[in-house]
Amino acid sequence: MEQIDDARKHLRHTFEGLADKRAILRAPELRALFDGIREIAPEKRGEYGQAVNALKQEVQGWVDESEQLSESDDVTPIDITAPMDINGSMPQFLPASQGSQHPLTTEMNDICDIYQRMGFVVEESREIDDDYHMFGSLNFPEDHPARDDYDTFMTEEGLIAPAHTSTMQNRVLKKYADNLKNGEPIAVVVPDRVFRNEDLDATHEHTFYQIEGVYVNKGVNVGNLIATLSSFMNEYFGQELKTKLQPFYFPFTEPSFEFAIERPDVLKKDDSEEQKWLELLGCGMIHPNVLREAGIDPEVYTGFAWGNGIERMVMMKHGIEDVRHFESANLKFLRQFR
Ligand code: DAH
């Protein structure tokens, strides 16, 4: 049956090149094999006929297989990072040129720019972490009630959706420890998303952004902390603002403070005392245990750190009344910030 083997090779070759795979079933070679039955000696016809039919079935098999493959191909992979009009041809999708940056992205870029001009390096955080970075490295004793203030989400394997960007303190302190040996400060800010188990309302979201700051050197004191944060706020809000520190408690700082600014003019409803101050962030002098845990000698070096919620500042700057707008994907809201 050499003739049939040759035809099979031919057909396969043709099949590979076909865009419409079904066309192979109408191929002249296949037809010719069937037509050829007549020319076969009667005693060989049975065998020949079976072989031709078997080949036809085989070819049908190729077609079926290719159709199954292309069905699964129909799930075209999409690039989830591409602008939204790239992946679909759906007409309701806006062209990317009409879209705009999310206000939090714009503000975060501005905020990082300011810190960079002040000499800080920007590091990224991570959106899943472990107990050690969330609590242990930050001087939270096991089972200490202070952990309750950072009620967050945990996987069954014990991984944690970070409740604050302070999870990065131990990492950046270690990463930049050589700066100190070279007589330079550790000066790092870490913006990222954080997660809490919150009841949602106009000022509480389960997902929000923070920027963490860490500054360590010889002889650093609270005065440096106040000066750094005040310079930042003045630059960010575009006006000279009075600031105030009030005592607070964090396990990872000693002493710990809440940092408040004089409410910027645009946000003042009236001249009352309650309207005067806005608590903006937590801060303090880095606890000796936190420095020690990162291999830095607290007898030689001191530092300050702070953690600043981004949404609150952006809301203040732009007079936004409800934090839930940010994650709402509400285009009416978002388009105001183009
Ligand atoms: N991680 C704190 C929070 O989310 C904020 C904070 C307070 C960060 C003091 C700091 C700090 O780095 O020193 O509530």
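Coordinates for the structure precede this section.
First, a word on scope: everything that follows refers to the structure included in this document. The structure presented is a predicted model; accordingly, all values stated were derived computationally and were not measured. (Residues numbered from 1 in each chain as written. Predicted model: local features only at pLDDT ≥ 70, side-chain atom pairs only at ≥ 80, totals over all residues. Heavy atoms only, no water.)

**Let's talk about the overall build of the protein chain**
Step number 1: Tallying secondary structure elements over the protein chain gives eleven helices and seven strands in all.
Step number 2: For 338 residues, the compact-globule formula gives about 20 Å, and the C-alpha radius of gyration of the protein chain, at 34 Å, lies well above that figure.
Step number 3: Referenced to the eigenvectors of the C-alpha coordinate spread, the extents of the protein chain come out at roughly 110 × 45 × 40 Å.
Step number 4: Out of the 338 residues belonging to the protein chain, those deemed buried represent 42%.
Step number 5: For the protein chain, long-range pairs separated by at least 24 residues make up 67% of all intrachain contacts whose partners lie at least 6 apart in sequence.
Step number 6: Looking at the protein chain as shown, the accessible area adds up to about 19200 Å², and 49% of this sits on carbon and sulfur atoms. (Helix = DSSP H or I, 4+ residues; strand = E, 2+ residues; numbered from the N terminus. Rg over C-alpha atoms; globule rule 2.2 N^0.38 Å. Buried < 20%, exposed > 50% of the residue type's maximum accessible area, 1.4 Å probe, protein only. Contact = heavy atoms within 4.5 Å. Areas by Shrake-Rupley, 256 points an atom, 1.4 Å probe, with all protein chains shown as cover.)

**Topic: the pattern of salt bridges**
Side chains that differ in sign of charge can pair as their charged atoms come close.
Step number 1: If you walk through the whole model with that rule in mind, you get 13 salt bridges.
Step number 2: We note a salt bridge from E16 to R12, for which the minimum N-O separation is 2.8 Å. Here the residue E16 and the residue R12 both occupy positions in helix α1 (residues 2-17), the gap between them amounting to four residues, near one helical turn.
Step number 3: Note on R12: relative accessible area 30%, which makes it partly exposed.
Step number 4: Residues joined by salt bridges that share partners form a network here, namely D5, R8 and E58. (Salt bridge = Lys/Arg side-chain N within 4 Å of Asp/Glu carboxyl O.)

**With respect to the site of the ligand**
Step number 1: H164, S166, R196, Q210 and E212 are the nearest of the 16 residues found near the ligand.
Step number 2: One of the side-chain nitrogen or oxygen atoms of Q169 is found 3.0 Å away from an oxygen atom of the ligand.
Step number 3: In this structure, W306 approaches the ligand through a main-chain N or O atom, which is 3.3 Å from an oxygen atom.
Step number 4: Here the ligand has 350 Å² of accessible area as a free molecule, and 93% of this is covered by the chains.
Step number 5: Among the secondary structure elements, those contributing two or more residues to the shell around the ligand are β3 (207-217), β6 (277-286) and β7 (302-309).
Step number 6: Residue composition of the shell around the ligand, grouped by class: six nonpolar, eight polar and two charged. (Near = heavy atom within 4 Å. Polar contact = N/O pair within 3.5 Å; in protein donor to acceptor, adjacent residues only side chain to side chain. Nonpolar A, V, L, I, M, F, W, Y, C, P; charged D, E, K, R; others polar.)

**Focus: the side chain of H287**
Step number 1: Looking at the element boundaries, H287 is found in the loop between β6 and α9 (288-293).
Step number 2: Judged by relative accessible area, which is 17%, H287 ranks as buried.
Step number 3: The contact partners of H287, leaving out residues within four places of it in the chain, are N139, P251, F252, T253 and E254.

**Some thoughts on the layout of surface pockets**
Step number 1: Here the largest pocket is characterised by a volume of approximately 1200 Å³.
Step number 2: Along the wall of the largest pocket there are 45 residues; nearest its centre are E279, L280, L281, G309 and R312.
Step number 3: Each residue belonging to the lining of the largest pocket can be placed in one class, and the counts come to 20 nonpolar, 13 polar and twelve charged. (1 Å grid on protein atoms, 1.4 Å probe; cavity = no way out; pocket = protein on both sides within 12 Å on 5 of 7 lines; lining within 4 Å. Points joined across faces, edges and corners; volume = space filled by probe spheres on them.)

**Examining the sheet that holds strand β4 (residues 243-248)**
Step number 1: Read from one edge of the open sheet, seven strands run β1-β2-β3-β7-β6-β5-β4, paired in mixed fashion. Looking at the sheet topology across the chains shown, the edges are occupied by β1 (121-122) and β4.
Step number 2: Where β6 lies against β7, five bridges are found, and the strand directions are antiparallel. Directly across from G282, in β7, lies its bridge partner G307.
Step number 3: Running at roughly 5 degrees to β3, helix α4 (residues 103-117) makes contact with β1, β2 (186-195), β3 and β7 of the sheet. (Pairing = 2+ DSSP bridges. Axes fitted to C-alpha atoms, helices over the stretch in contact; angles between N-to-C directions.)

**Side note on the packing of aromatic side chains**
Step number 1: Taken as a whole, this structure holds 17 aromatic pairs when the rule is applied.
Step number 2: Taking 5.8 Å as the distance between ring centres and 40 degrees as the angle between the ring planes, the aromatic pair formed by F140 and F252 counts as tilted. Remark: F252 occurs in the loop between β4 and β5 (253-262) and F140 occurs in the loop between α5 (131-134) and α6 (169-175); sequence separation between them is 112 residues. Per residue, the accessibility class of F140 equals that of F252, and both read buried.
Step number 3: Ring centres of F232 and Y236 lie 5.9 Å apart, and the angle between their planes is 10 degrees; this geometry places the pair in the stacked category. Here F232 pairs with Y236, and both are found in helix α8 (residues 222-237), just four residues apart, close to one helical turn. (Phe/Tyr/Trp six-rings, centres within 6.5 Å; stacked < 30°, edge-to-face > 60°.)

**A few points about the environment of I128**
Step number 1: Within the element layout of this structure, I128 appears in the loop between β1 and α5.
Step number 2: In sequence terms I128 and V63 are 65 residues apart; their C-alpha atoms lie 47 Å from each other.
Step number 3: What I128 contacts, discounting residues up to four positions off in sequence, is T155, L159, I160, A161 and P162.

**A closer look at the packing of α8 against helix α10 (residues 310-318)**
Step number 1: Closest axis-to-axis distance for the α8/α10 pair is 11 Å, and the angle between their directions is 45 degrees. Classified by the interaxial angle, the pair formed by α8 and α10 is oblique. Two secondary-structure elements touch here, α8 through F232, M233, Y236 and F237 and α10 through M313, V314, M316 and K317.
Step number 2: In the contact of α8 with α10, the residues fall into seven nonpolar, no polar and one charged. (Parallel < 35°, antiparallel > 145°, perpendicular 65-115°, else oblique.)

**A short note on α10**
Step number 1: Regarding α10, the residues found buried are I310, E311, M313, V314, M315 and M316.
Step number 2: Where α10 terminates, the next one or two residues include G319, which has phi positive at roughly 65 degrees.

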